[in-house]
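# Per-entry structural report
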Amino acid sequence: WETCQTFSGSWGYARDEMSWKDPAQLVELLVQTVSLGGNLILNVGPTARGEFDSRASDRLAAIGDWLRTNGRSIYGCTQAPAEFEPPYGTLLTYNPERKKLYIHLTTYPMKSLPIAFEDRVAYAQFLHDGSELKIVPSRNSSLQGGNMRLPAAILLPVKRPEGIVPVIEVDLK
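Below is a short write-up of the structure. These numbers were taken from a predicted model, which means no experiment stands behind them. (Residues numbered from 1 in each chain as written. Predicted model: local features only at pLDDT ≥ 70, side-chain atom pairs only at ≥ 80, totals over all residues. Heavy atoms only, no water.)

### With respect to helix H1 (residues 23-35)
A rise of 1.5 Å per residue sets the reference length of H1, with its 13 residues, at 18 Å; its end C-alpha atoms lie 18 Å apart and thus fit the reference within 8%. Taken together, the buried positions of H1 are occupied by Leu 26, Val 27, Leu 29, Leu 30, Val 31, Thr 33, Val 34 and Ser 35. Residues of H1 that are buried make contact with strand E1 (2-6), strand E2 (39-43), helix H2 (54-70), strand E3 (90-95) and strand E4 (100-105). You can read the cap of H1 off the contacts: a side-chain oxygen lies 3.0 Å from the backbone nitrogen of Ala 24, and it is on Asp 22. Within two residues after H1, Gly 37 carries a phi angle of roughly 85 degrees, on the positive side. (Helix = DSSP H or I, 4+ residues; strand = E, 2+ residues; numbered from the N terminus. Expected span 1.5 Å × (residues − 1). Buried < 20%, exposed > 50% of the residue type's maximum accessible area, 1.4 Å probe, protein only. Contact = heavy atoms within 4.5 Å. Polar contact = N/O pair within 3.5 Å; in protein donor to acceptor, adjacent residues only side chain to side chain.)

Next up, the structure:
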């Protein structure tokens, strides 16, 4: 399936249109579409002179910059298998040929990202710079005298990486 969306509230160029989506909204729209197994068509209308105005050009450049470092999470990807439950504040894409799962952090968590599929993870790294991310296995905890099971988690730096939507690339077993 595919969806056709606009950069703003208009299907063509409208000089006074002010409801333009920002680059983060457009990247999240792209990721969400792929995460549901779809294809996104972004419509942008040229001015009467046949050129894109600065709002369109700026957004296209921002999407292109994000894709340069994170494109592997989009190109050749589709919806993740049902066995992979997306952690809160994330969207998942999957490349079946490469057996890679991509976790898009639409909300950046503090220090760790709980995951329910640790037994399937061989390796995890940030896609934008290739830096390795450690996996903490699920474990028992005796917080406040009780016996509680803590989920496995991917450890993250406290400072959010630069860029619109950080992506974790997961090599699957």
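### Some details on H2
With 17 residues, H2 extends 24 Å from end C-alpha to end C-alpha; this agrees with the ideal 24 Å at 1.5 Å per step. Three or more residues of H2 are buried, namely Arg 55, Ala 56, Arg 59, Ala 62, Ile 63, Gly 64, Trp 66, Leu 67 and Asn 70. Tucked inside the fold, the buried residues of H2 contact H1, E2, E4 and strand E11 (167-172).

### Describing the environment of Cys 4
Within the secondary structure, Cys 4 sits in strand E1. Given a relative accessible area of 36%, Cys 4 falls into the partly exposed group. When the C-alpha positions of Cys 4 and Lys 134 are compared, they lie 38 Å apart, and in sequence the two are 130 residues distant. Every residue in contact with Cys 4, bar those within four places of it in the chain, is listed here: Trp 11, Ile 41 and Asn 43.

### So, the environment of Ser 138
Tracing the chain through its elements places Ser 138 in the loop between strand E7 (135-136) and strand E8 (139-141). Among the polar contacts listed, one links the side chain of Ser 138 to the side chain of Glu 118, at a separation of 2.9 Å.

### Focus on the side chain of Thr 90
Structurally, the position occupied by Thr 90 is in strand E3. A distance of 2.6 Å separates a polar side-chain atom of Thr 90 from the backbone oxygen of Pro 87. Ignoring anything within four residues of it in the chain, the contact list for Thr 90 reads Ile 103, His 104, Leu 105, Thr 106 and Leu 113.

### Considering the packing of H1 against H2
Interhelical geometry of H1 versus H2 gives an angle of 55 degrees and a closest axis separation of 9 Å. When the interaxial angle is binned, H1 and H2 end up oblique. Note that H1 runs across H2; the crossing there is right-handed. Packed against H1, whose contacting residues are Pro 23, Leu 26, Val 27, Leu 30 and Val 31, the element H2 presents Arg 59, Ala 62, Ile 63, Trp 66 and Leu 67 at the interface. Residues that form the contact of H1 with H2 fall into these classes: 9 nonpolar, no polar and 1 charged. (Axes fitted to C-alpha atoms, helices over the stretch in contact; angles between N-to-C directions. Parallel < 35°, antiparallel > 145°, perpendicular 65-115°, else oblique. Left-handed = near helix turned anticlockwise from the far one by under 90°. Nonpolar A, V, L, I, M, F, W, Y, C, P; charged D, E, K, R; others polar.)

### Here we look at the sheet that holds strand E10 (residues 152-155)
Reading across from one edge, E5-E10-E7 is the order of the 3 strands in this open sheet, with antiparallel pairing throughout. Each having just a single partner strand, strand E5 (112-115) and E7 make up the two edges of the open sheet. As paired strands, E7 and E10 are joined by 2 bridges and run antiparallel to one another. The partner of Val 136 across the bridge, within E10, is Ala 153. (Pairing = 2+ DSSP bridges.)

### Observations regarding the sheet that holds E11
Judged by pairing direction, the sheet is antiparallel, and its 4 strands sit side by side in the order E3-E4-E11-E6 without closing on themselves. Each end of this open sheet is capped by a strand with a single partner; those strands are E3 and strand E6 (121-126). Averaged over all adjacent pairs, the angle separating strand axes in this sheet is 20 degrees, with direction ignored. Both E4 and E11 contribute to a ladder of 5 bridges, which runs antiparallel. Paired with Leu 101 across the two strands is Val 170, which belongs to E11. Contacting E3 and E4, H1 crosses the sheet at an angle of about 55 degrees to E3.

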